[in-house]
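So you can see what is in the structure, the chains are spelled out below.
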Amino acid sequence: MKFPVFPIDQDPGSNFGELLKRVGLSPFTDYANVSQLDIPHATTCVAVRCAGGVVMAGDRRATSGNLISHRAMEKVVQADDFSGVAIAGAAGPAMEMVKLFQLQIEHYEKVEGQPLSLEGKANQLSMFVRNNLPAAMQGLMVVPIFAGFDVHIGQGRLWDYDATGGRYEESDFVATGSGQLHASTVLRVSWRRDISVDEAIELVSRALWEASDADSATGGPDVLRGIYPVVASITKDGFNRVPDSDLASIYSAITTGVQQR
Amino acid sequence: MSMPYYVAPEQMMKDRADFARKGIARGKSLVALQYNEGIAIIAENPSNTLRKSSEIYDRIAFAGVGKYNEFDSLRVLGVRSADLKGYQFSREDVDARSLANQYAQIIGQTFTHEVKPLEVEILVAELGITSAEDQLFHIMYDGTVIDEKPFIVIGGDTDTIKSKIAAAFKTDLTLKESCNLARTALSSDERTLQASDLEVTLLQRNGSRRCFKRITEDALAALLN
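The rules behind the values
Residues numbered from 1 in each chain as written. Chains lettered and ligands numbered in written order. Predicted model: local features only at pLDDT ≥ 70, side-chain atom pairs only at ≥ 80, totals over all residues. Helix = DSSP H or I, 4+ residues; strand = E, 2+ residues; numbered from the N terminus. Buried ≥ 20, exposed ≤ 12 C-beta atoms within 10 Å, placed from the backbone. Contact = placed C-beta atoms within 7 Å. Rg over C-alpha atoms; globule rule 2.2 N^0.38 Å. Core = buried A, V, L, I, M, F, W, Y, C linked by C-beta atoms within 7 Å. Pairing = 2+ DSSP bridges. Axes fitted to C-alpha atoms, helices over the stretch in contact; angles between N-to-C directions. Parallel < 35°, antiparallel > 145°, perpendicular 65-115°, else oblique. Left-handed = near helix turned anticlockwise from the far one by under 90°. Nonpolar A, V, L, I, M, F, W, Y, C, P; charged D, E, K, R; others polar.

A. Spotlight on the overall build of chain A. Counting its regular elements, chain A contains 7 helices and 13 strands. Projected onto its principal axes, the C-alpha positions of chain A cover 70 × 45 × 30 Å. Evaluated residue by residue, chain A yields a buried proportion of 46% over its 261 residues. The long-range share in chain A, meaning contacts at least 24 apart out of those at least 6 apart in sequence, stands at 67%.

B. Region of interest: the overall build of chain B. In terms of helices and strands, chain B carries 6 helices and 10 strands. On C-alpha atoms alone, chain B measures out to a radius of gyration of 18 Å, which is about the 17 Å that the 2.2 N^0.38 rule sets for 225 residues. The dimensions of chain B, computed from C-alpha atoms along their principal axes, are 65 × 50 × 30 Å. A burial count over chain B gives 44% of its 225 residues as buried. Sequence separation of at least 24 residues holds for 62% of the intrachain contacts in chain B that already meet a minimum separation of 6.

C. Region of the structure containing the interface of chain B and chain A. Tallying the contact residues gives 16 residues for chain B and 13 residues for chain A. Within the residue set of the side of chain B that touches chain A, elements represented by two or more residues are β3 (53–57), α2 (68–88) and α3 (96–113) of chain B. Top contributing element to the side of chain B that touches chain A by residue count: α2 of chain B, with 10 residues.

D. Molecular detail of the nonpolar core. Within the largest apolar cluster, 67 residues are counted, with the highest numbers of intra-cluster contacts made by Val46, Ala47, Val48, Val55 and Val204 of chain A. Apart from the residues within four sequence positions on either side, Ala47 of chain A is in contact with Val54, Val55, Met56, Ala86, Ile145, Ala147, Leu158, Phe173 and Val174 of chain A. Core analysis: the next-biggest nonpolar cluster, separate from the first, contains 65 residues, Val65, Leu74, Leu118 and Ile165 of chain B among them.

E. Highlighting the pairing of strand β6 (residues 135–139) of chain B. All names here are of chain B. The buried fraction of β6 amounts to 4 of the 5 residues, a majority that puts the element mostly inside the structure. The pairing of strand β5 (residues 120–126) with β6 spans 5 bridges and is antiparallel. Each residue of the ladder has a partner; that of Leu123, found in β6, is His138. Two elements, β6 and strand β7 (residues 145–147), share 3 bridges in a ladder whose sense is antiparallel. Bridge pairing in β7 links Phe137 to Asp147.

F. Representation of the pairing of strand β9 (residues 198–204) of chain B. All names here are of chain B. By the criterion of burial, β9 is predominantly enclosed, with 6 of the 7 residues buried. In this structure, strand β2 (residues 38–44) lies alongside β9, joined through 7 bridges in antiparallel fashion. Note on β9: the bridge partner recorded for Ile41 is Thr201. In this sheet, strand β10 (residues 212–215) lies alongside β9 in antiparallel orientation, the contact comprising 4 bridges. Within β10, the position partnered with Val200 by the bridge is Ile215.

G. Summary view of the sheet that holds β5 of chain B. Residues and elements named next belong to chain B. Across the sheet, 5 strands lie side by side as β3-β4-β5-β6-β7; this open sheet has antiparallel pairing. A single partner strand is all that each edge strand has here, and the edge strands are β3 and β7. Going across the sheet, the axis of each strand differs from the next one's by a mean of 25 degrees, ignoring polarity. In the packing of α3 onto the sheet, the strands contacted are β4 (60–66), β5, β6 and β7, and the crossing angle to β6 comes to about 0 degrees.

H. Spotlight on the packing of helix α6 (residues 197–214) of chain A against helix α7 (residues 244–259) of chain A. Residues and elements named next belong to chain A. Direction vectors running N to C along α6 and α7 enclose 60 degrees, while the axes themselves pass 10 Å from each other. With respect to each other, α6 and α7 are oriented oblique. Of the two elements, α6 crosses α7, and the hand of that crossing is right-handed. Along the contact surface, α6 presents Glu202, Ser205, Arg206 and Trp209, while α7 presents Leu247, Ile250, Tyr251 and Ile254. Of the residues belonging to the contact of α6 with α7, the class tally is 5 nonpolar, 1 polar and 2 charged.

I. Layout of the sheet that holds strand β8 (residues 151–154) of chain B. All names here are of chain B. In spatial order, the strands read β8-β1-β2-β9-β10; together these 5 strands make up an open sheet with antiparallel pairing. Each of the sheet's edge strands pairs with one partner strand only, and the pair in question is β8 and β10. Going from strand to strand, the sheet's axes swing by 15 degrees on average, the running direction of each strand aside. One ladder, built from 6 bridges, connects strand β1 (residues 30–35) with β2; its direction is antiparallel. Directly across from Gln34, in β2, lies its bridge partner Ile39. The strands touched by helix α4 (residues 158–168) are β1 and β8; relative to β8, the strand with the most contacts, the crossing angle is about 155 degrees. Lying on the sheet, helix α5 (residues 175–186) is in contact with β1, β2 and β9; it crosses β1 at an angle near 155 degrees.

Here you go:
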């Protein structure tokens, strides 16, 4: 392997994506028309703001057409100590985008000697989504949610995106993916400004339950195999994934409630 | 037409080496040593913003002495190379030995082919799973690579500092003992260094992915006797 040395006017600075381009490893290639291919798609993700932070959640199912291709996909991923990304859309490009995004954040921090601001990270992700536009036009759409704890203002913040890289900061909650409508209805009905972290964890679990109940592409809790949605809180203490044992008891309460309807 | 003077290659290399050594000796030295939780890098550095030691990868740290702009661009090259390798292959494929060799190549190349050699000496440290697997590479201004354990001193007056450390070094020093030992070794007879004169970074065997940690001035002041 050779050292990546560049003339001063072509130096990529702290931009990892540019560096990949310079060395010929750019992941953003032109796709042929792949819309006919059965490519795994990831589905419903939600994020809500709560007292002292944010809570994110995503179901575990990936589908190719009418088939379930993965039961245990992780769509909510830690981006760094104080932020996370949730993804819906074509699984391959989405996973690549998350990997690149994590690397970009870390690369910037190491080269510059200080971390990017939360807003800076949200902006960076928007660029990645925009770069994916040609692929999105071919059916490989990726629509992420970005959420994190802003250490400068001491609050949770969240953003959603459209396929063109449009970046929208939301003040309360957001949902994306095929079960978006059902999940966001649950959030809309129950969300309050002063909701606690624990209440928010319960709320997002319920939102994913209702989405999975009405949308075939969204997976519900899989008690048989012990697969539960990925739920994580991000507060001043950092990124914290909710253990499956906690989710098991939350979902058993929800299903009991459904039985008694 | 004027003819260039003939200079014997031995003389040319000697002149370059002297030039580089002089440049390096003008700066301050640093010490890297194994302690009971990993590797500590302790540098004399009055600046709180222009860093001498920093993170390259999950278990790899970099430190340089000499001309700041020169070792800083080497540091950025290392981060790039490591991140590219980790992206292309896997995170566990990024290792200090190959990085040290790449550094040796570029520093050696500059030493023989460029008008001016780099006035730097650098250290590449990798934290192993156990302390026996720790690696410390010292790369000199002419591209010579040396692997040394359990401690390395790079910079100007290394012999004095080395002998001071060798006299009191033992395995499994605590962080507090390591910092105090390095402080004593780096201080001159006239002046004892304080927390604000030192930069301490660690590669800590703490189970997390990124093992690099920077000790703040306040935390360091509490550690020093």
